[in-house]
Amino acid sequence: MTTFASQNPTAGHGAALLRIALGTMWITHALLKIFVFTLPGTAQFFESVGLPGFMAYAVVAAELAGGAALLLGFYGRQASLLLAPVLAVVVWVHWPNGWVFTSPKGGWEYPLFLLVASLAQWLLGDGAWAARRSQWLVLR
């Protein structure tokens, strides 16, 4: 059976670039919550949109761990899938604000794009330069 990667020898590099970009994005978003908004401030924001404040700490930990896994290619495919619900909630939170993320309180198009990119990463695979791969949670 011929696969996409065997038909396109650079597909693995494209998947790796996507994985590295997503990992960097997740880490920077976690650091933003820690150093700019602060963890208590992030918890307060969560409460203001109807989410439990304590979840802010779990989300930041997931963003850091998942981002590092993606960046290093350590089960990056699974990290993308497991982080997707975080982005789905972000889309839900920003939905009332409208389309453009630069609108007051941010819009939903950027989180939706990241959600789709994360699902694409899961479907494409880890790509080149991955430290550890797995077939767990992979479509066959």
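Residues numbered from 1 in each chain as written. Predicted model: local features only at pLDDT ≥ 70, side-chain atom pairs only at ≥ 80, totals over all residues. Heavy atoms only, no water.

S.K.: An account of the overall build of the protein is requested, with residue identities and associated values reported.
M.R.: For the protein, the helix and strand inventory stands at six helices and zero strands. Starting at the N terminus and ending at the C terminus, the protein contains elements arranged as α-α-α-α-α-α. Taking 14 Å as the expected radius of gyration for a compact globule of 140 residues, we find that the protein reaches 16 Å, a close match to that expectation. Viewed in the frame of its principal axes, the protein has a C-alpha envelope of about 50 × 30 × 25 Å. (Helix = DSSP H or I, 4+ residues; strand = E, 2+ residues; numbered from the N terminus. Rg over C-alpha atoms; globule rule 2.2 N^0.38 Å.)

S.K.: Now, about the environment of M55: what can you tell me, with residues and values included?
M.R.: Considering the arrangement of structural elements, one finds M55 in helix α4 (residues 55–72). Sequence spacing of M55 and T42 is 13 residues, and the spatial spacing of their C-alpha atoms is 9.4 Å.

S.K.: Would you mind going over the packing of aromatic side chains in detail, with residue names and values included?
M.R.: The full count for this structure, using the stated rule, is three aromatic pairs. Here the aromatic rings of F74 and Y75 are separated by 4.8 Å at their centres, their planes lie at 75°, and the arrangement is edge-to-face. Take Y75: its relative accessible area is 31%, and that puts it in the partly exposed class. A centroid spacing of 4.8 Å and a plane angle of 75° characterise the contact between W99 and W108, whose relative ring orientation is edge-to-face. W99 gets classed as exposed once you look at its relative accessible area, which sits at 52%. W108 gets classed as buried once you look at its relative accessible area, which sits at 15%. (Phe/Tyr/Trp six-rings, centres within 6.5 Å; stacked < 30°, edge-to-face > 60°. Buried < 20%, exposed > 50% of the residue type's maximum accessible area, 1.4 Å probe, protein only.)

S.K.: How would you sum up the nonpolar core? Please name residues and give values.
M.R.: Of all hydrophobic cores here, the largest spans 17 residues; its most connected members are L22, W26, L70, L87 and L114. The set of elements that each furnish at least two residues to this core consists of α2 (11–35), α3 (39–48), α4, α5 (76–94) and α6 (109–124). If you tally residues by element for this core, the top one is α5, at five residues. Setting aside its immediate chain neighbours within four residues, L114 contacts L22, M25 and L87. (Core = buried A, V, L, I, M, F, W, Y, C linked by side-chain atoms within 4.5 Å. Contact = heavy atoms within 4.5 Å.)

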